[in-house]
Amino acid sequence: MNFSKGFIVRNPENIKECFAIEGDNLLINLSSEKYQKVVNDLVECLPIPAFMAYEVPCNELKEKELRKSNQDPFHNDVYYIDGMDHKIMQLIMEKMGDMLINDGLTQFAFGGLETQEEIVKAKYNLLIIIAKDFSKYIGVLNKHGIEQVDQIVTARDTFTEEHPGMCQKYIDEKGRDSYDLRDIFIEMGAYLDHVAEQK
């Protein structure tokens, strides 16, 4: 499976593109070349109105205030944009998908404002869908030729102390990074909702 540019995984050929249901979560190993098209189709399944969440690492000054010791976790600023429809979410993926998909230090999610359904970009090309009924989402995955398995092996499952994965910053061909993207979202109406510990 091919990983996005912000993720370094030892022996990526050992990770299979597939999906599995685990409780209220649908876990998808999603290869980088399919990521944007699959997410574009998946957001069509979300009820409207919808929201977008965008997590970006806190700046150095803020981390100095939050972290009291070297053992303390790092943190992300979590921004939200409310009141989205399918076209806006798909336009974001079309115009900003390169950065959203390839940056290894940020995460994003689309979700229904009036439901608990969410589509979440996790690290190492793991896409997580949270819902009570997965049938419409599975239909999209089947259309893209992604196989269902009983038990999924994610990239994190293969990491060891000697060979962990690595997440890194991505800069696009225009020289923009995740903070530039955050500023674009703020211009679109994004607001800082809370600060979360990095996982």
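Residues numbered from 1 in each chain as written. Predicted model: local features only at pLDDT ≥ 70, side-chain atom pairs only at ≥ 80, totals over all residues. Heavy atoms only, no water.

Trainee: It is not clear to me how the pairing of strand β6 (residues 107-112) should be interpreted in this structure. Could you clarify?
Mentor: In the case of a regular strand, side chains alternate between the two sheet surfaces. Counting buried residues along β6, six of its six residues qualify, which places the element largely inside the surrounding structure. Both faces of β6 are covered, namely the face carrying Gln 107, Ala 109 and Gly 111 and the face carrying Phe 108, Phe 110 and Gly 112. With six bridges joining them, strand β4 (residues 50-57) and β6 adopt antiparallel strand pairing. Among the inter-strand pairings, Ala 50 is bridged to a residue of β6, identified as Gly 112. Two elements, β6 and strand β7 (residues 118-121), share three bridges in a ladder whose sense is antiparallel. What sits directly across from Gly 111, in β7, is Glu 118. (Buried < 20%, exposed > 50% of the residue type's maximum accessible area, 1.4 Å probe, protein only. Helix = DSSP H or I, 4+ residues; strand = E, 2+ residues; numbered from the N terminus. Pairing = 2+ DSSP bridges.)

Trainee: Just checking my understanding: could you explain the pattern of salt bridges for this structure?
Mentor: Close approach of charged atoms lets side chains of opposite charge pair. On inspection of all chains with the given rule, the structure shows nine salt bridges. Across the salt bridge formed by Lys 62 and Asp 77, the nearest N and O atoms sit 2.6 Å from each other. With Lys 62 in helix α2 (residues 60-66) and Asp 77 in strand β5 (residues 75-84), the pair connects residues that are 15 residues apart, well separated along the chain. By relative accessible area, which is 7% here, Asp 77 ends up buried. Salt-bridge contacts for Arg 176 lead to Asp 172; the nearest nitrogen and oxygen are separated by 2.8 Å. Residue class for Asp 172 comes out buried when judged on its relative accessible area of 9%. (Salt bridge = Lys/Arg side-chain N within 4 Å of Asp/Glu carboxyl O.)

Function-wise, these values are silent; they only describe arrangement.
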